[in-house]
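# Descriptive structure summary
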Amino acid sequence: QVQLVESGGGLVQAGGSLRLSCTASGRTFSTYVMGWFRQAPGKEREFVAAIRWSGGSTAYADSVKGRFTISRDNAQTTVYLQMNSLKPEDTAVYYCAADRNPHRTSAVRDEYDYWGQGTQVTVSS
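Throughout what follows, the structure given in this document is the object of discussion. Nothing here was measured: the structure is a model prediction, and the numbers come from that model.

Analysis parameters
- Residues numbered from 1 in each chain as written.
- Predicted model: local features only at pLDDT ≥ 70, side-chain atom pairs only at ≥ 80, totals over all residues.
- Heavy atoms only, no water.
- Disulfide = S-S within 2.5 Å.
- Helix = DSSP H or I, 4+ residues; strand = E, 2+ residues; numbered from the N terminus.
- Buried < 20%, exposed > 50% of the residue type's maximum accessible area, 1.4 Å probe, protein only.
- Core = buried A, V, L, I, M, F, W, Y, C linked by side-chain atoms within 4.5 Å.
- Contact = heavy atoms within 4.5 Å.
- Phe/Tyr/Trp six-rings, centres within 6.5 Å; stacked < 30°, edge-to-face > 60°.
- Lys NZ or Arg CZ within 6 Å of the ring centre and 35° of its normal.
- Polar contact = N/O pair within 3.5 Å; in protein donor to acceptor, adjacent residues only side chain to side chain.

Here the structure, examined in full by the defined rule, presents one disulfide. Here C22 connects covalently by a disulfide to C96, the sulfurs 2.0 Å from one another. Judged by the sign of its S-S torsion, about -75°, the bond between C22 and C96 is left-handed. With C22 in strand 3 (residues 18-26) and C96 in strand 9 (residues 92-99), the pair connects residues that are 74 residues apart, well separated along the chain. Look at C22 and you get buried, because its relative accessible area is 1%.

Moving on, we get to the nonpolar core. In terms of nonpolar packing, the biggest core is built from 37 residues, with L4, M34, W36, L81, M83 and Y94 touching the most fellow members. Of all the elements in the fold, those that place two or more residues in this core are strand 1 (2-7), strand 3, strand 4 (33-39), strand 5 (46-52), strand 7 (68-73), strand 8 (78-83), strand 9 and strand 11 (119-124). Setting aside chain neighbours within four positions, we find L81 in contact with L18, R19, L20, W36, V48, A49, F68, T69, I70 and Y94.

All told, the structure shown has five aromatic pairs when counted by the stated rule. Centre to centre, the rings of Y32 and Y114 are 6.2 Å apart; their planes meet at 15°, and the pair counts as stacked. Taken together, the residues span a long stretch of sequence, with Y32 in the loop between strand 3 and strand 4 and Y114 in strand 10 (residues 114-115) at a distance of 82 residues. Taking the relative accessible area as the measure of exposure, Y114 reaches 10% and is therefore buried. Among the aromatic residues, ring-to-ring pairing joins F37, F47, Y112 and W115 into one connected group. The ring of Y95 has R45 sitting right over it, with the charged end atom 3.6 Å from the ring centre. Positioned above the aromatic ring of W115 is the side chain of R45, whose terminal nitrogen or guanidinium carbon lies 5.0 Å from the ring centre.

Another point: the environment of E6. Secondary-structure assignment places E6 in strand 1. Given a relative accessible area of 5%, E6 falls into the buried group. Not counting chain neighbours up to four residues away, the residues in contact with E6 comprise S21, C22, W36, Y94, Y95, C96, G116, Q117, G118 and T119. One polar contact links the side chain of E6 to the main-chain amide nitrogen of C96, over a distance of 2.8 Å. Here G118 takes part through its backbone nitrogen, which lies 2.9 Å from a polar atom of the side chain of E6.

Here's what the structure looks like:
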């Protein structure tokens, strides 16, 4: 079993920045792909970004390309999401997720095996 705990959410003005963290514990997941998803009120949970633990291969949703950066610290078993130039439409609960399949950086929610509890990000206009 893998436990994921997110932190770093909060309230920020449009144009500001936040960095989310997700720390993993439990079984070894050195080959797991880590992803970030978000869910706004009344909307489906959507893909934001993903990163492989080896090689650093990444993937981003078009809506966040150039503004968000996903990174990881394997020694600390932590994945980060640096969010810059935030917009009100980025307001959502952000979830960290882990995919046991190391050969893809999937944007499909159902392909992720473990989920964190989520952290709220609110961007005011």
